[in-house]
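The chain contents come next:
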Number of protein chains: 2
Amino acid sequence: MEKKLFEKTISEKTIFNGRIIDLVLKDVELPDGKTSKREIINHPGAVAIIAVTESKKIVLINQFRKPLEKTIIEIPAGKLEKGEDPLKCAKRELEEETGYKPKEIEAVTSFYTSPGFADELVHIYFTDKLELGEVNRDDDEFLDVLEVTLEEAEALIEKQLIHDAKTVYAIQYLKLKGGLL
Amino acid sequence: MEKKLFEKTISEKTIFNGRIIDLVLKDVELPDGKTSKREIINHPGAVAIIAVTESKKIVLINQFRKPLEKTIIEIPAGKLEKGEDPLKCAKRELEEETGYKPKEIEAVTSFYTSPGFADELVHIYFTDKLELGEVNRDDDEFLDVLEVTLEEAEALIEKQLIHDAKTVYAIQYLKLKGGLL
(Lines give C-alpha, C1' and ligand atoms only; values in the text may rest on other atoms or scores of the structure.)
Protein backbone atom coordinates (compact mmCIF):
# COMPACT_ATOMS: atom_id res chain seq x y z
CA MET A 1 0.00 0.00 0.00
CA GLU A 2 1.36 3.38 -0.99
CA LYS A 3 1.04 5.36 2.24
CA LYS A 4 1.02 8.66 0.38
CA LEU A 5 -2.28 7.81 -1.34
CA PHE A 6 -4.04 6.21 1.66
CA GLU A 7 -7.31 7.61 3.00
CA LYS A 8 -7.82 6.91 6.69
CA THR A 9 -11.37 6.44 7.99
CA ILE A 10 -12.19 9.03 10.66
CA SER A 11 -15.80 8.00 11.15
CA GLU A 12 -18.44 6.00 9.35
CA LYS A 13 -22.19 5.69 9.32
CA THR A 14 -24.32 2.96 7.78
CA ILE A 15 -27.26 4.60 5.99
CA PHE A 16 -28.90 1.46 4.61
CA ASN A 17 -28.66 -2.31 4.97
CA GLY A 18 -30.47 -3.89 2.04
CA ARG A 19 -31.22 -7.27 0.61
CA ILE A 20 -28.42 -6.78 -1.94
CA ILE A 21 -26.48 -3.61 -1.18
CA ASP A 22 -25.45 -1.61 1.87
CA LEU A 23 -24.71 2.12 1.82
CA VAL A 24 -22.02 3.47 4.16
CA LEU A 25 -20.79 7.06 4.47
CA LYS A 26 -17.19 7.50 5.54
CA ASP A 27 -15.36 10.63 6.62
CA VAL A 28 -11.76 10.19 5.52
CA GLU A 29 -8.47 11.91 6.15
CA LEU A 30 -6.78 12.66 2.83
CA PRO A 31 -3.03 12.30 2.23
CA ASP A 32 -2.59 16.08 2.78
CA GLY A 33 -4.37 15.96 6.17
CA LYS A 34 -7.61 17.54 4.91
CA THR A 35 -10.86 15.61 5.14
CA SER A 36 -13.47 14.46 2.65
CA LYS A 37 -16.57 12.28 2.49
CA ARG A 38 -16.92 8.98 0.62
CA GLU A 39 -20.23 7.37 -0.36
CA ILE A 40 -19.70 3.63 -0.49
CA ILE A 41 -21.85 0.75 -1.71
CA ASN A 42 -21.02 -2.69 -0.33
CA HIS A 43 -22.10 -5.54 -2.59
CA PRO A 44 -21.61 -9.31 -2.14
CA GLY A 45 -19.93 -9.71 -5.55
CA ALA A 46 -21.12 -11.62 -8.58
CA VAL A 47 -20.27 -14.17 -11.23
CA ALA A 48 -20.84 -14.07 -14.99
CA ILE A 49 -20.42 -16.83 -17.52
CA ILE A 50 -19.26 -16.72 -21.15
CA ALA A 51 -21.05 -19.85 -22.40
CA VAL A 52 -20.72 -21.14 -25.95
CA THR A 53 -23.01 -23.87 -27.32
CA GLU A 54 -22.03 -26.84 -29.47
CA SER A 55 -23.38 -24.94 -32.48
CA LYS A 56 -20.93 -22.11 -31.71
CA LYS A 57 -23.34 -19.57 -30.32
CA ILE A 58 -23.05 -17.40 -27.21
CA VAL A 59 -25.74 -17.88 -24.58
CA LEU A 60 -27.28 -14.53 -23.60
CA ILE A 61 -30.06 -13.32 -21.34
CA ASN A 62 -32.61 -10.60 -22.11
CA GLN A 63 -33.74 -9.14 -18.80
CA PHE A 64 -35.53 -6.05 -17.48
CA ARG A 65 -33.16 -3.95 -15.41
CA LYS A 66 -35.09 -1.67 -13.08
CA PRO A 67 -32.23 0.84 -12.61
CA LEU A 68 -32.26 1.39 -16.40
CA GLU A 69 -36.07 1.06 -16.83
CA LYS A 70 -35.45 -1.15 -19.86
CA THR A 71 -34.34 -4.62 -20.91
CA ILE A 72 -30.76 -5.23 -21.95
CA ILE A 73 -29.01 -8.36 -23.16
CA GLU A 74 -26.25 -9.77 -20.93
CA ILE A 75 -24.21 -12.89 -20.39
CA PRO A 76 -25.72 -15.08 -17.64
CA ALA A 77 -24.80 -13.76 -14.21
CA GLY A 78 -25.78 -13.77 -10.60
CA LYS A 79 -24.93 -12.49 -7.17
CA LEU A 80 -22.82 -14.49 -4.77
CA GLU A 81 -24.56 -15.85 -1.72
CA LYS A 82 -22.73 -14.99 1.49
CA GLY A 83 -19.54 -17.06 1.64
CA GLU A 84 -20.37 -18.91 -1.60
CA ASP A 85 -17.53 -20.20 -3.78
CA PRO A 86 -17.64 -18.19 -7.07
CA LEU A 87 -17.03 -21.29 -9.23
CA LYS A 88 -19.91 -23.15 -7.59
CA CYS A 89 -22.09 -20.04 -7.97
CA ALA A 90 -21.20 -19.76 -11.69
CA LYS A 91 -22.24 -23.36 -12.37
CA ARG A 92 -25.47 -22.91 -10.38
CA GLU A 93 -26.46 -19.58 -11.98
CA LEU A 94 -25.78 -20.78 -15.53
CA GLU A 95 -27.99 -23.83 -15.07
CA GLU A 96 -30.74 -22.02 -13.15
CA GLU A 97 -30.99 -19.17 -15.67
CA THR A 98 -30.42 -20.97 -18.97
CA GLY A 99 -30.89 -24.70 -18.40
CA TYR A 100 -27.33 -25.35 -19.57
CA LYS A 101 -25.03 -27.23 -17.22
CA PRO A 102 -21.28 -26.83 -17.76
CA LYS A 103 -19.34 -30.11 -17.97
CA GLU A 104 -16.14 -28.06 -17.75
CA ILE A 105 -15.68 -24.42 -16.81
CA GLU A 106 -12.62 -22.20 -16.44
CA ALA A 107 -11.93 -18.93 -14.60
CA VAL A 108 -11.13 -16.09 -17.02
CA THR A 109 -10.61 -13.02 -14.85
CA SER A 110 -12.28 -10.88 -12.23
CA PHE A 111 -12.85 -7.15 -12.08
CA TYR A 112 -14.42 -4.43 -9.96
CA THR A 113 -17.31 -2.85 -11.82
CA SER A 114 -17.32 0.63 -10.24
CA PRO A 115 -14.38 1.08 -7.89
CA GLY A 116 -15.15 4.77 -7.36
CA PHE A 117 -18.23 4.02 -5.28
CA ALA A 118 -18.77 0.24 -5.00
CA ASP A 119 -16.80 -2.83 -3.95
CA GLU A 120 -18.65 -5.19 -6.32
CA LEU A 121 -16.22 -7.72 -7.80
CA VAL A 122 -17.39 -9.81 -10.78
CA HIS A 123 -15.76 -13.18 -11.47
CA ILE A 124 -15.87 -14.18 -15.14
CA TYR A 125 -15.94 -17.83 -16.29
CA PHE A 126 -15.81 -19.49 -19.70
CA THR A 127 -17.29 -22.75 -20.87
CA ASP A 128 -17.91 -24.36 -24.25
CA LYS A 129 -18.75 -27.76 -22.80
CA LEU A 130 -22.47 -27.64 -22.06
CA GLU A 131 -25.05 -30.32 -21.36
CA LEU A 132 -28.74 -29.92 -20.67
CA GLY A 133 -29.70 -29.29 -17.04
CA GLU A 134 -32.75 -27.77 -15.39
CA VAL A 135 -34.05 -24.18 -15.41
CA ASN A 136 -34.87 -22.95 -11.91
CA ARG A 137 -35.20 -19.17 -11.62
CA ASP A 138 -35.66 -16.97 -8.58
CA ASP A 139 -39.27 -15.96 -7.85
CA ASP A 140 -38.60 -12.40 -8.99
CA GLU A 141 -36.47 -13.32 -12.02
CA PHE A 142 -38.03 -13.07 -15.48
CA LEU A 143 -35.84 -13.42 -18.53
CA ASP A 144 -35.47 -14.74 -22.07
CA VAL A 145 -32.55 -16.88 -23.20
CA LEU A 146 -30.96 -16.12 -26.60
CA GLU A 147 -28.23 -17.87 -28.54
CA VAL A 148 -26.40 -15.70 -31.05
CA THR A 149 -23.32 -15.75 -33.25
CA LEU A 150 -20.40 -13.42 -32.59
CA GLU A 151 -21.49 -11.27 -35.54
CA GLU A 152 -25.03 -11.04 -34.14
CA ALA A 153 -23.60 -10.12 -30.73
CA GLU A 154 -21.59 -7.31 -32.28
CA ALA A 155 -24.71 -6.02 -34.01
CA LEU A 156 -26.45 -6.04 -30.60
CA ILE A 157 -23.62 -3.88 -29.20
CA GLU A 158 -24.09 -1.42 -32.09
CA LYS A 159 -27.81 -1.24 -31.25
CA GLN A 160 -26.99 -0.74 -27.53
CA LEU A 161 -29.01 -3.84 -26.64
CA ILE A 162 -25.77 -5.35 -25.34
CA HIS A 163 -24.71 -2.42 -23.21
CA ASP A 164 -23.00 -3.58 -20.01
CA ALA A 165 -19.39 -4.01 -18.95
CA LYS A 166 -19.26 -7.79 -18.42
CA THR A 167 -20.96 -8.54 -21.74
CA VAL A 168 -18.83 -6.22 -23.91
CA TYR A 169 -15.84 -7.75 -22.10
CA ALA A 170 -17.12 -11.23 -23.02
CA ILE A 171 -17.52 -10.36 -26.70
CA GLN A 172 -13.96 -8.94 -26.81
CA TYR A 173 -12.72 -12.07 -25.02
CA LEU A 174 -14.26 -14.31 -27.70
CA LYS A 175 -12.86 -12.14 -30.50
CA LEU A 176 -9.37 -12.32 -28.96
CA LYS A 177 -9.76 -16.11 -28.78
CA GLY A 178 -10.18 -16.02 -32.55
CA GLY A 179 -13.96 -16.13 -32.63
CA LEU A 180 -16.17 -19.11 -31.85
CA LEU A 181 -14.28 -21.70 -33.92
CA MET B 1 -39.86 -2.86 -24.65
CA GLU B 2 -40.99 -6.41 -24.10
CA LYS B 3 -44.11 -5.99 -22.00
CA LYS B 4 -43.79 -9.49 -20.59
CA LEU B 5 -40.54 -8.61 -18.82
CA PHE B 6 -41.51 -5.12 -17.59
CA GLU B 7 -41.53 -4.27 -13.88
CA LYS B 8 -43.98 -1.50 -13.01
CA THR B 9 -43.15 0.83 -10.12
CA ILE B 10 -45.82 0.66 -7.40
CA SER B 11 -44.11 3.00 -4.97
CA GLU B 12 -40.69 4.46 -4.39
CA LYS B 13 -38.74 6.03 -1.55
CA THR B 14 -35.51 7.99 -1.74
CA ILE B 15 -33.25 6.81 1.08
CA PHE B 16 -30.25 9.01 0.35
CA ASN B 17 -29.29 11.96 -1.84
CA GLY B 18 -25.50 12.16 -1.94
CA ARG B 19 -22.78 14.20 -3.53
CA ILE B 20 -22.27 11.42 -6.11
CA ILE B 21 -24.95 8.76 -5.73
CA ASP B 22 -28.60 8.56 -4.74
CA LEU B 23 -30.25 5.46 -3.29
CA VAL B 24 -33.89 4.78 -4.14
CA LEU B 25 -36.03 1.82 -3.06
CA LYS B 26 -38.77 0.76 -5.44
CA ASP B 27 -41.64 -1.65 -4.93
CA VAL B 28 -42.34 -3.21 -8.30
CA GLU B 29 -45.03 -5.34 -9.86
CA LEU B 30 -43.46 -8.34 -11.56
CA PRO B 31 -44.66 -9.75 -14.91
CA ASP B 32 -46.67 -12.44 -13.04
CA GLY B 33 -48.46 -9.84 -10.89
CA LYS B 34 -46.48 -10.57 -7.71
CA THR B 35 -44.40 -7.82 -6.13
CA SER B 36 -40.75 -7.40 -5.26
CA LYS B 37 -38.34 -4.74 -4.03
CA ARG B 38 -35.49 -3.16 -6.01
CA GLU B 39 -32.55 -1.30 -4.47
CA ILE B 40 -31.36 1.26 -6.99
CA ILE B 41 -28.32 3.53 -7.14
CA ASN B 42 -28.58 6.58 -9.39
CA HIS B 43 -25.23 7.86 -10.64
CA PRO B 44 -24.46 10.78 -13.01
CA GLY B 45 -22.39 8.59 -15.36
CA ALA B 46 -18.72 8.78 -16.16
CA VAL B 47 -16.09 8.93 -18.87
CA ALA B 48 -12.85 6.98 -19.22
CA ILE B 49 -10.04 7.51 -21.69
CA ILE B 50 -7.72 5.01 -23.39
CA ALA B 51 -4.73 7.30 -23.97
CA VAL B 52 -1.58 6.20 -25.78
CA THR B 53 1.58 8.30 -25.77
CA GLU B 54 3.90 9.01 -28.71
CA SER B 55 6.28 6.40 -27.28
CA LYS B 56 3.46 3.79 -27.49
CA LYS B 57 2.61 3.53 -23.82
CA ILE B 58 -0.80 3.52 -22.14
CA VAL B 59 -1.43 6.30 -19.66
CA LEU B 60 -2.70 4.88 -16.34
CA ILE B 61 -3.60 6.21 -12.92
CA ASN B 62 -2.73 4.65 -9.56
CA GLN B 63 -5.37 5.77 -7.07
CA PHE B 64 -6.67 4.83 -3.63
CA ARG B 65 -10.22 3.54 -3.86
CA LYS B 66 -11.98 3.81 -0.54
CA PRO B 67 -14.64 1.15 -1.32
CA LEU B 68 -11.79 -1.34 -1.87
CA GLU B 69 -9.48 0.03 0.88
CA LYS B 70 -6.57 -0.21 -1.53
CA THR B 71 -5.02 1.43 -4.58
CA ILE B 72 -5.68 0.04 -8.03
CA ILE B 73 -4.44 1.09 -11.46
CA GLU B 74 -7.03 2.39 -13.91
CA ILE B 75 -7.34 4.31 -17.14
CA PRO B 76 -8.02 8.03 -16.51
CA ALA B 77 -11.69 8.58 -15.71
CA GLY B 78 -14.09 10.94 -14.08
CA LYS B 79 -17.70 11.56 -13.26
CA LEU B 80 -19.91 13.65 -15.50
CA GLU B 81 -21.04 16.98 -14.14
CA LYS B 82 -24.80 17.46 -14.39
CA GLY B 83 -25.70 17.93 -18.06
CA GLU B 84 -22.06 17.85 -19.18
CA ASP B 85 -21.19 16.60 -22.65
CA PRO B 86 -19.24 13.31 -22.23
CA LEU B 87 -16.69 14.21 -24.93
CA LYS B 88 -15.94 17.55 -23.26
CA CYS B 89 -15.72 15.78 -19.89
CA ALA B 90 -13.27 13.21 -21.31
CA LYS B 91 -10.93 15.93 -22.64
CA ARG B 92 -11.13 17.81 -19.34
CA GLU B 93 -10.57 14.79 -17.09
CA LEU B 94 -7.63 13.50 -19.12
CA GLU B 95 -5.84 16.84 -18.92
CA GLU B 96 -6.71 17.51 -15.26
CA GLU B 97 -5.58 14.07 -14.09
CA THR B 98 -2.57 13.38 -16.30
CA GLY B 99 -1.45 16.67 -17.85
CA TYR B 100 -2.03 15.25 -21.34
CA LYS B 101 -4.32 17.15 -23.66
CA PRO B 102 -5.83 15.19 -26.56
CA LYS B 103 -5.41 16.84 -29.98
CA GLU B 104 -7.85 14.28 -31.35
CA ILE B 105 -10.15 11.91 -29.49
CA GLU B 106 -12.72 9.35 -30.63
CA ALA B 107 -15.69 7.66 -28.96
CA VAL B 108 -15.15 3.89 -28.59
CA THR B 109 -18.25 2.60 -26.82
CA SER B 110 -20.31 3.02 -23.68
CA PHE B 111 -21.50 0.50 -21.13
CA TYR B 112 -23.43 0.20 -17.89
CA THR B 113 -21.11 -0.99 -15.13
CA SER B 114 -23.62 -2.73 -12.83
CA PRO B 115 -27.08 -2.82 -14.38
CA GLY B 116 -28.43 -5.02 -11.59
CA PHE B 117 -28.38 -2.20 -9.06
CA ALA B 118 -26.98 0.98 -10.66
CA ASP B 119 -27.66 3.16 -13.70
CA GLU B 120 -24.02 4.28 -14.06
CA LEU B 121 -23.09 4.51 -17.75
CA VAL B 122 -19.39 4.86 -18.66
CA HIS B 123 -18.41 6.42 -21.98
CA ILE B 124 -15.06 5.18 -23.30
CA TYR B 125 -12.81 7.32 -25.53
CA PHE B 126 -9.54 6.65 -27.35
CA THR B 127 -6.72 8.99 -28.24
CA ASP B 128 -3.15 8.54 -29.40
CA LYS B 129 -2.67 12.20 -30.28
CA LEU B 130 -1.52 13.85 -27.08
CA GLU B 131 0.12 17.19 -26.31
CA LEU B 132 1.19 18.59 -22.97
CA GLY B 133 -1.48 20.46 -21.03
CA GLU B 134 -1.89 21.33 -17.37
CA VAL B 135 -2.52 19.08 -14.35
CA ASN B 136 -5.38 20.38 -12.19
CA ARG B 137 -6.81 17.83 -9.79
CA ASP B 138 -9.81 18.01 -7.48
CA ASP B 139 -9.04 18.95 -3.86
CA ASP B 140 -9.71 15.39 -2.70
CA GLU B 141 -7.99 13.66 -5.62
CA PHE B 142 -4.55 12.12 -5.03
CA LEU B 143 -3.04 9.91 -7.70
CA ASP B 144 0.09 8.81 -9.54
CA VAL B 145 0.36 8.75 -13.33
CA LEU B 146 2.05 5.73 -14.95
CA GLU B 147 2.93 5.00 -18.57
CA VAL B 148 3.27 1.32 -19.41
CA THR B 149 3.57 -0.97 -22.42
CA LEU B 150 0.81 -3.39 -23.31
CA GLU B 151 2.91 -6.26 -21.93
CA GLU B 152 3.40 -4.38 -18.65
CA ALA B 153 -0.34 -3.70 -18.49
CA GLU B 154 -1.07 -7.40 -18.91
CA ALA B 155 1.35 -8.21 -16.09
CA LEU B 156 -0.54 -5.68 -13.92
CA ILE B 157 -3.79 -7.55 -14.68
CA GLU B 158 -2.13 -10.82 -13.60
CA LYS B 159 -1.08 -9.16 -10.32
CA GLN B 160 -4.64 -7.79 -9.84
CA LEU B 161 -3.27 -4.24 -9.74
CA ILE B 162 -5.31 -3.54 -12.87
CA HIS B 163 -8.60 -4.95 -11.61
CA ASP B 164 -11.53 -2.93 -12.86
CA ALA B 165 -13.97 -3.30 -15.75
CA LYS B 166 -13.12 -0.23 -17.84
CA THR B 167 -9.36 -0.87 -17.66
CA VAL B 168 -9.47 -4.58 -18.58
CA TYR B 169 -11.82 -3.51 -21.39
CA ALA B 170 -9.21 -0.94 -22.49
CA ILE B 171 -6.39 -3.49 -22.57
CA GLN B 172 -8.53 -5.88 -24.64
CA TYR B 173 -9.42 -2.99 -26.97
CA LEU B 174 -5.74 -2.23 -27.58
CA LYS B 175 -4.94 -5.92 -28.15
CA LEU B 176 -7.78 -6.19 -30.68
CA LYS B 177 -6.37 -3.09 -32.41
CA GLY B 178 -3.19 -5.11 -32.90
CA GLY B 179 -1.26 -3.69 -29.95
CA LEU B 180 0.25 -0.24 -29.68
CA LEU B 181 2.00 -0.15 -33.07
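Whatever comes next refers back to the structure up there.
Below is a summary of the structure that appears in this document. (Residues numbered from 1 in each chain as written. Chains lettered and ligands numbered in written order. Predicted model: local features only at pLDDT ≥ 70, side-chain atom pairs only at ≥ 80, totals over all residues. Heavy atoms only, no water.)

1. Comments concerning the relation of the copies chain A and chain B
Relating one copy of the chain to the other takes a rotation about an axis and a shift parallel to that axis.
Inference 1: Taken as rigid bodies, chain A and chain B are interconverted by a rotation of 180 degrees and an axial shift of 0.0 Å, the fit giving an RMSD of 0.0 Å. One copy is carried onto the other by what is essentially a two-fold rotation axis.
Inference 2: Comparing interface residues between copies, 100% of those in chain A also lie at the interface in chain B; the contact surface is shared. (Least-squares fit on C-alpha atoms with pLDDT ≥ 70 in both. Contact = heavy atoms within 4.5 Å.)

2. Points about the layout of surface pockets
Inference 1: Reported here for the largest pocket is a volume of approximately 1,000 Å³.
Inference 2: Looking at the lining of the largest pocket, the elements that each hand over two or more residues are β4 (46-51), β5 (58-65), β7 (77-79), α1 (86-98) and α3 (165-176) of chain A together with β3 (35-42) of chain B.
Inference 3: Residue composition of the lining of the largest pocket, by class: 20 nonpolar, seven polar and 21 charged.
Inference 4: Approximately 870 Å³ is the volume found for the second largest pocket.
Inference 5: In this structure, the second largest pocket is lined by 39 residues; those nearest its centre are G116(A), I20(B), R65(B), G78(B) and K79(B).
Inference 6: Breaking the lining of the second largest pocket down by element, the ones donating at least two residues are β3 (35-42) of chain A together with β5 (58-65), β7 (77-79) and α1 (86-98) of chain B.
Inference 7: Here the element with the most residues in the lining of the second largest pocket is α1(B); it accounts for four residues. (1 Å grid on protein atoms, 1.4 Å probe; cavity = no way out; pocket = protein on both sides within 12 Å on 5 of 7 lines; lining within 4 Å. Points joined across faces, edges and corners; volume = space filled by probe spheres on them. Helix = DSSP H or I, 4+ residues; strand = E, 2+ residues; numbered from the N terminus. Nonpolar A, V, L, I, M, F, W, Y, C, P; charged D, E, K, R; others polar.)

3. Brief notes about the environment of N42(A)
Residue and element names in this part refer to chain A.
Inference 1: Its place among the elements puts N42 in strand β3.
Inference 2: Placed 137 residues apart in sequence, N42 and G179 show a C-alpha to C-alpha distance of 36 Å.
Inference 3: Apart from the residues within four sequence positions on either side, N42 is in contact with I20, I21, D22, V24 and D119.
Inference 4: Within the structure, the side chain of N42 is placed 3.1 Å from the side chain of D119, a separation counted as a polar contact. (Polar contact = N/O pair within 3.5 Å; in protein donor to acceptor, adjacent residues only side chain to side chain.)

4. Comments concerning the environment of E93(A)
All names here are of chain A.
Inference 1: Relative to the assigned elements, E93 resides in helix α1.
Inference 2: With a relative accessible area of 7%, E93 lands in the buried category.
Inference 3: Residues within four places of E93 in sequence aside, it is in contact with V47, I49, A77, G78 and K79. (Buried < 20%, exposed > 50% of the residue type's maximum accessible area, 1.4 Å probe, protein only.)

5. What about the interface of chain A and chain B?
Put simply, an interface is often sized by how much accessible area is lost when its parts join up.
Inference 1: On the side of chain B, 69 residues touch chain A, which itself brings 69 residues to the contact.
Inference 2: For the pair chain A and chain B, the number of links is six salt bridges.
Inference 3: Residues R38(A) and D140(B) are paired through a salt bridge, measuring 3.0 Å at the closest nitrogen-oxygen approach.
Inference 4: For the pair chain A and chain B, the interface holds 30 residue pairs in polar contact (both at pLDDT 80 or more).
Inference 5: Those elements that place two or more of their residues in the side of chain A that touches chain B are β1 (8-17), β2 (22-29), β3, β5, β6 (70-74), β8 (100-112), β10 (143-148) and α3 of chain A. (Salt bridge = Lys/Arg side-chain N within 4 Å of Asp/Glu carboxyl O.)

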